[in-house]
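Each chain is listed here by its residues.
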Amino acid sequence: MFDTCIAGSLPKPAWLAETEKLWPQWRASGPELDTAKRDATLLAIKEQEDAGLDIVGDGEQARQHFVHGFVERVEGIDFEHKVKMGIRNNRYDAMVPQVVAPLRLSGRVHAMEARLARAHTKHKLKFTLPGPMTIVDTVADRHYGDKVKLAFAFAELLNQEALALEADGVDIIQFDEPAFNVYMKEAAEWGVAALERAAQGLKCKTAVHICYGYGIQANVDWKNTLGEQWRQYEQVFPALAKSRIDQVSLECFHSHVPPELMALLAGKDVMVGVIDVASAEIETPEQVADTIGRALQFVPRERLFPCTNCGLAPMSREVAVKKLEALARGAELARQRYGG
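Everything in this summary refers to the structure shown in the same document. (Residues numbered from 1 in each chain as written. Predicted model: local features only at pLDDT ≥ 70, side-chain atom pairs only at ≥ 80, totals over all residues. Heavy atoms only, no water.)

What the 3 strands build is an open sheet, ordered E2-E3-E5; its pairing is mixed. Where the open sheet ends on each side, the last strands, each with one partner, are strand E2 (74-87) and strand E5 (140-141). In this sheet, E5 lies alongside strand E3 (residues 92-105) in parallel orientation, the contact comprising 2 bridges. Looking at the pairing, Val99 lines up with Asp141 of E5. (Pairing = 2+ DSSP bridges. Helix = DSSP H or I, 4+ residues; strand = E, 2+ residues; numbered from the N terminus.)

Printed below as a string of structure tokens:
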């Protein structure tokens, strides 16, 4: 009960990449970088286990960014001529690659990390992939000319990699779709369908992570414009409740999301965000347990999975580790309080 996990990413060690950046530059290249990525992946697993988490992941240590870590292995995308583009409905600008031809995978994308993680942990293993709608919002389309067609093209490729990850021994495959909280109407109309295409045929648990973004200033500023109640989830949760996706991850602690919106996910596992990724303040076990207690009003205890609000990538490593420990201790306190 109350098995703990993270949304996906962890900060990268200073010897691997720039620190406290969302798009960090690598410190090495070639075989040296490959070795450093493997070492960092093992370290991320160990840190999660030592903190007491129940479900672990690779920490996305081998990816510069959660979207581009996947698309850099896709043919038909030009990384040499990136262009500046407003993403997440122009919340902030990013240098993004261009889709210039039909898409196809050049080979496996995350085999190294998944197999390495599976070989070095007995814990349940979760692996994250970007969702098709969020990928579409993080690349410049110069070929398909239609967001829906492009999303389904990416969904097919994501499905190929997801099926391979399942064969590698991954227990939970999570698709990250922060775009669902930005383009709510489109998410309900075709985003969930594209997500289901990405998860087609999987027998392992499937999950979708929908947050209000990493703890970078552009996201913090955006949240400050959303008012006293953040109701974005209200438009997409009904569609997800009808979908074949097993688990939904949402932002809860220090957010203005009305807790009762979780009731819209009846029949799904709910990964409840109990750790704030936009603040360096370390949560207490009591705060974590209190958040779990509020969520229990709307989510059955056997379906509640305490989680981080989002990835921890841009955060300091020291703070991130302490937050993992707080997550585990808070869940244990919640088991004592609400167990039965």
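The next point concerns the packing of helix H1 (residues 30-51) against helix H3 (residues 111-120). At a minimum axis separation of 10 Å, H1 and H3 run at an interaxial angle of 45°. In terms of axis orientation, H1 runs oblique to H3. In this structure, the crossing between H1 and H3 has a hand that is right-handed. Contacts between H1 and H3 involve Lys37, Arg38, Thr41, Leu42, Ile45 and Glu49 from the former and Met112, Glu113, Leu116, Ala117 and His120 from the latter. (Axes fitted to C-alpha atoms, helices over the stretch in contact; angles between N-to-C directions. Parallel < 35°, antiparallel > 145°, perpendicular 65-115°, else oblique. Left-handed = near helix turned anticlockwise from the far one by under 90°. Contact = heavy atoms within 4.5 Å.)

Another point: the environment of Ala153. One can find Ala153 in helix H5 (residues 147-167). Residues Ala153 and Arg104 lie 49 residues apart in sequence; the distance between their C-alpha atoms is 8.5 Å. Aside from chain neighbours lying at most four places away, what touches Ala153 is Leu103 and Tyr144.

So, on to the pattern of salt bridges. Here the structure, examined in full by the defined rule, presents 20 salt bridges. Put simply, Arg108 and Asp168 hold a salt bridge, and the shortest N to O gap is 2.8 Å. Remark: Asp168 occurs in the loop between H5 and strand E6 (172-176) and Arg108 occurs in the loop between E3 and H3; sequence separation between them is 60 residues. Residue Asp168 is classed as buried on the basis of its relative accessible area of 13%. For the salt bridge of Arg231 with Glu234, the shortest nitrogen-to-oxygen distance reads 2.8 Å. The exposure class of Arg231 is partly exposed, given its relative accessible area of 28%. Glu234 sits in the partly exposed class, given a relative accessible area of 35%. Here the salt bridges share partners, and the residues they tie into one network are Arg108, Arg115, Glu161 and Asp168. (Salt bridge = Lys/Arg side-chain N within 4 Å of Asp/Glu carboxyl O. Buried < 20%, exposed > 50% of the residue type's maximum accessible area, 1.4 Å probe, protein only.)

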